[in-house]
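Understanding the architecture of this molecule
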Amino acid sequence: SSIKQKIHLVRPSIKEVNMIHNDDDKNFRVLNIANHFWSKGTFMVVDAFKIFNEKYENSILNIVCNDIPGDFDIPKEIIVNKTSKLTIKEKLELFSNSDVFVHPTLQDAYGVYIEALAYELPTISSSIYDKDEVIINNICGLLIKPPFSLFESKIGIKFQNYDEFVSIIKSKYE
């Protein structure tokens, strides 16, 4: 028999969590959890939400990020939690009170989107690194192509360090 008959692809295991999703018929609730505001794409989430909220007024964005720049305009409709670490109970509350998890990172970020999927939260993320092995596009989430990523930047070759990569992100944003 051929080797193809003996091999089976097993996607990373996501332990499902027993969670009661708190439905909210009045609002569409978006969640973003990501420290490293620039490289994890939180700035893109805020800008996309501004556009989305103009069309769909009954929407809420909840951001968990401890390094939002003080001069970055965050509309008052956006709920901000400036912490760097959440307890399991806090995550459960956030995930159970959200309709979608958005995480358009420009660098690797493994744990948080896996947790969102474990809580059966549809997840929108960038298609970098291993995301397509975990987020099955148009089934449990949506993968988007980022404008560029840390993996394409060749840190140490094209950029001297991580701070230079972030400065390039900021310059492309402005």
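Note that this is a predicted model, so its numbers are computed, not measured.

The next thing to look at is the packing of aromatic side chains. Here a ring pair, both rings aromatic, is described through the centre-centre distance and the interplanar angle of the planes. Summed over the entire model, instances satisfying the criterion amount to 8 aromatic pairs. Considering the side-chain rings of Phe28 and Phe52, the 5.7 Å spacing of their centres and the 45 degrees angle between planes classify their relative orientation as tilted. Here Phe52 lies in helix H1 (residues 42-55) and Phe28 lies in strand S1 (residues 28-33), a separation of 24 residues in the sequence. Both rings, one in Phe52 and one in Tyr56, keep their centres 4.8 Å apart while their planes meet at 35 degrees; by these two values the pair is tilted. Residue classification places Tyr56 among the partly exposed positions, given a relative accessible area of 43%.

Our next topic: the sheet that holds strand S4 (residues 100-103). Two pairing modes exist for strands in a sheet, parallel and antiparallel, and in both the strands are linked by backbone hydrogen bonds. Overall, parallel pairing links the 6 strands, which are arranged S3-S2-S1-S4-S5-S6 in an open sheet. Edge positions in the sheet fall to strand S3 (78-81) and strand S6 (141-144), since each has one partner strand and no second. Between one strand axis and the next, the sheet turns by 20 degrees as a mean value, whatever way the strands run. Of the pairings in the sheet, the one linking S1 to strand S2 (residues 59-64) comprises 6 bridges and is parallel in character. Of the residues in S2, the one forming a bridge with Val30 is Leu61. H1 rests against S1, S2, S3 and S4 of the sheet, and its axis sits at about 170 degrees to S2. Against the sheet, helix H2 (residues 88-96) makes contact with S1, S2 and S4, and its axis sits at roughly 145 degrees relative to S1, the strand it touches most.

Rules used in this analysis
- Residues numbered from 1 in each chain as written.
- Predicted model: local features only at pLDDT ≥ 70, side-chain atom pairs only at ≥ 80, totals over all residues.
- Heavy atoms only, no water.
- Phe/Tyr/Trp six-rings, centres within 6.5 Å; stacked < 30°, edge-to-face > 60°.
- Helix = DSSP H or I, 4+ residues; strand = E, 2+ residues; numbered from the N terminus.
- Buried < 20%, exposed > 50% of the residue type's maximum accessible area, 1.4 Å probe, protein only.
- Pairing = 2+ DSSP bridges.
- Axes fitted to C-alpha atoms, helices over the stretch in contact; angles between N-to-C directions.
- Contact = heavy atoms within 4.5 Å.

Read these as geometric descriptors, not functional statements.
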